[in-house]
Amino acid sequence: MCNPASSYRFDNQPQYQAMNKDRDAALNSAKVLSEALPYIRRFSGKTLVIKYGGNAMVDDALKTGFARDVVLMKLVGMNPVVVHGGGPQIGELLERIGKESRFVEGMRVTDSETMDVVEMVLGGLVNKEIVSLINRNGGRAVGLTGKDGDLIHARKMTFTRSAPEMNTPEIIDIGHVGEVEHINAEVVDMLIHGDFIPVVAPIGVGRDGQSYNINADVVAGKLAEGLGAEKLILLTNTAGLLDKEEEVLTGLSSTRVDELIADGTIHGGMLPKIRCALEAVQSGVRTAHIIDGRVPHALLLEIFTDAGVGTLIENG
């Protein structure tokens, strides 16, 4: 006859506790995979444009996790396209060469010398690091800028500032800062169909051949539109779009987003991201997501789970 006390001591020996822990981990993995299956089926063959920036670009563990997530997306049949920023890296190099970074309402003043640094950092150092990281984790990434294959047609951004004492608005020249005039997505589409993962630096070229530094969120949104993407995903350093009680809002229609802008819930640095997401869904991208890049595997959690980890916006 079995002695209950003896059985209790047996089950609580360290090796059996470890076995139970491993079994629980395996069961949890199976549950996650089971939950992910409908999403894998739904998004197989679809293009997802991901704006990669913030903490996810500077923390080593998050960088590796991001690369592995992008590779996994490709392996299960999705077509990820990465558009990256690099503001902190640009600022660091400018400081090292003794050049002061200047900003006007959040936009970096970009003279010719600064533009050379921008191209070196975005088109060279940062872009190649991301490509290398994806490739080391089993992917086939190819790096390019908006100048490659005539991808991003840009025009100089005009910036004006007005004040009550001014009779006419002041026009401020912030140099080689551009906005997207047109996206020629053919080169990216070719890479996608060649089973590569495109990694795009947000540098465009004007009609005059000048290079322009463009906001990476804007480039990601316009590229998503040009590719007819299923999703636009913007990685940020916040939990998503927050209401006035600091709770994450999600499942938002474009109409609801307009209301939140009007009542001041959406303000400050979140406004450009929201407007970018809004324009994308109103131009045919099925959904836009603003997610917390500080969360490990945020991409997979947003795409493959019911709960997600950020704000979802869709047209309507």
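Residues numbered from 1 in each chain as written. Predicted model: local features only at pLDDT ≥ 70, side-chain atom pairs only at ≥ 80, totals over all residues. Heavy atoms only, no water.

1. Things to note about the side chain of lysine 74
Here comes step 1: Tracing the backbone shows lysine 74 in helix H3 (residues 60-75).
Here comes step 2: We classify lysine 74 as buried; its relative accessible area is 12%.
Here comes step 3: When sequence neighbours within four positions are dropped, the list of residues in contact with lysine 74 reads Asn79, Pro80, Ile192, Asp195, Phe196 and Ile197. (Helix = DSSP H or I, 4+ residues; strand = E, 2+ residues; numbered from the N terminus. Buried < 20%, exposed > 50% of the residue type's maximum accessible area, 1.4 Å probe, protein only. Contact = heavy atoms within 4.5 Å.)

2. Structural notes on the pattern of salt bridges
Here comes step 1: Taken as a whole and assessed by the stated rule, the structure comprises 17 salt bridges.
Here comes step 2: Here glutamate 129 and lysine 63 are joined by a salt bridge, their closest N and O atoms 2.8 Å apart. Taken together, the residues span a long stretch of sequence, with glutamate 129 in helix H5 (residues 112-136) and lysine 63 in helix H3 at a distance of 66 residues.
Here comes step 3: A relative accessible area of 38% means that glutamate 129 is categorised as partly exposed.
Here comes step 4: What makes lysine 63 buried here is its relative accessible area of 12%.
Here comes step 5: With a shortest N-O distance of 3.3 Å, lysine 222 and glutamate 279 are connected by a salt bridge. You can see lysine 222 sitting in helix H7 (residues 216-227) and its partner glutamate 279 sitting in helix H9 (residues 270-282), a full 57 residues away along the chain.
Here comes step 6: Linked by salt bridges that have partners in common, Arg155, Glu179, Glu181 and Arg207 make up one network. (Salt bridge = Lys/Arg side-chain N within 4 Å of Asp/Glu carboxyl O.)

3. Considering the UniProt feature "binding site: substrate" (unreviewed entry) in the protein
Here comes step 1: As recorded in UniProt, the feature "binding site: substrate" (unreviewed entry) lies at Gly86, Gly87, Arg108 and Asn213. These annotated residues cover 128 residues of sequence, but their C-alpha atoms sit close together, with the largest distance between any two at 12.0 Å.
Here comes step 2: Excluding its chain neighbours within four sequence positions, the residues that come into contact with arginine 108 are Gly87, Ile90, Gly91, Leu94, Ser101, Arg102, Phe103, Thr114, Ile174 and Val177.
Here comes step 3: Within the local environment of arginine 108, its side chain forms a polar contact with the side chain of serine 101, the two groups lying 2.9 Å apart.
Here comes step 4: Among the structural elements, asparagine 213 can be located in strand E12 (residues 211-213).
Here comes step 5: Excluding anything up to four places from it in sequence, asparagine 213 contacts Thr110, Met115, Val118, Leu122, His176, Val177, Gly178 and Pro202. (UniProt positions renumbered as here; feature names shortened; annotations may be inferred. Polar contact = N/O pair within 3.5 Å; in protein donor to acceptor, adjacent residues only side chain to side chain.)

4. Examining the nonpolar core
Here comes step 1: Core analysis: the biggest nonpolar cluster contains 44 residues, and Val49, Leu151, Val188, Leu223, Leu232 and Ile313 have the highest contact counts within it.
Here comes step 2: At eight residues, the largest contribution of residues to this core is made by H9.
Here comes step 3: Membership of the second largest hydrophobic core comes to 41 residues, among which are Val131, Ala141, Val199 and Ile203. (Core = buried A, V, L, I, M, F, W, Y, C linked by side-chain atoms within 4.5 Å.)

5. Details of the sheet that holds strand E1 (residues 47-52)
Whenever strands of a sheet pair, they do so through backbone hydrogen bonds, lying parallel or antiparallel.
Here comes step 1: Taken together, eight strands build an open sheet; the order of strands is E5-E10-E2-E1-E13-E15-E16-E14 and the sheet is mixed. The open sheet has two free edges, formed respectively by strand E5 (141-145) and strand E14 (252-253), since each of these has just one partner strand.
Here comes step 2: The sheet contact formed by strand E15 (residues 287-292) and strand E16 (residues 310-314) spans five bridges and is antiparallel. By the bridge assignment, threonine 287 is partnered in E16 with glutamate 314. (Pairing = 2+ DSSP bridges.)

6. Re unusual backbone geometry
Here comes step 1: Of note in this structure, aspartate 150 is not a glycine but carries a positive phi near 60°.
Here comes step 2: Backbone geometry places aspartate 195, a non-glycine residue, at a positive phi of 70°.
Here comes step 3: In this structure, aspartate 195 sits in the loop between helix H6 (186-193) and strand E10 (197-201).
Here comes step 4: A relative accessible area of 44% means that aspartate 195 is categorised as partly exposed.

7. Structural notes on the packing of H3 against H5
Here comes step 1: Contact pair H3 / H5: the axes reach a minimum separation of 8 Å and the direction vectors enclose 60°. Crossing handedness for the pair H3 and H5: right-handed. Here H3 contributes Lys63, Thr64, Ala67, Val70 and Val71 to the contact with H5, which in turn contributes Glu129, Leu133 and Ile134.
Here comes step 2: Residues of the contact of H3 with H5, tallied by class, amount to five nonpolar, one polar and two charged. (Axes fitted to C-alpha atoms, helices over the stretch in contact; angles between N-to-C directions. Left-handed = near helix turned anticlockwise from the far one by under 90°. Nonpolar A, V, L, I, M, F, W, Y, C, P; charged D, E, K, R; others polar.)

8. A closer look at the environment of lysine 51
Here comes step 1: Among the structural elements, lysine 51 can be located in strand E1.
Here comes step 2: Judged by its relative accessible area of 9%, lysine 51 is buried.
Here comes step 3: On a C-alpha basis, the gap between lysine 51 and leucine 235 in space is 6.0 Å, while along the polypeptide they are 184 residues apart.
Here comes step 4: Not counting chain neighbours up to four residues away, the residues in contact with lysine 51 comprise Val83, Gly85, Ala216, Asp217, Ala220, Ile233, Leu234, Leu235 and Lys273.

9. Concerning the pairing of E10
Here comes step 1: In terms of residue burial, E10 counts as a mostly covered element, since five of its five residues are buried.
Here comes step 2: Side chains Ile197, Val199 and Ala201 project from E10 onto one buried face, and the interleaved Pro198 and Val200 project onto a second face that is buried too.
Here comes step 3: Of the pairings in the sheet, the one linking strand E2 (residues 79-84) to E10 comprises two bridges and is parallel in character. Paired with valine 82 across the bridge in E10 is valine 199.
Here comes step 4: Taken together, the five bridges between E5 and E10 define a ladder with parallel strand orientation. Pairing of valine 142 across the sheet is with proline 198, part of E10.

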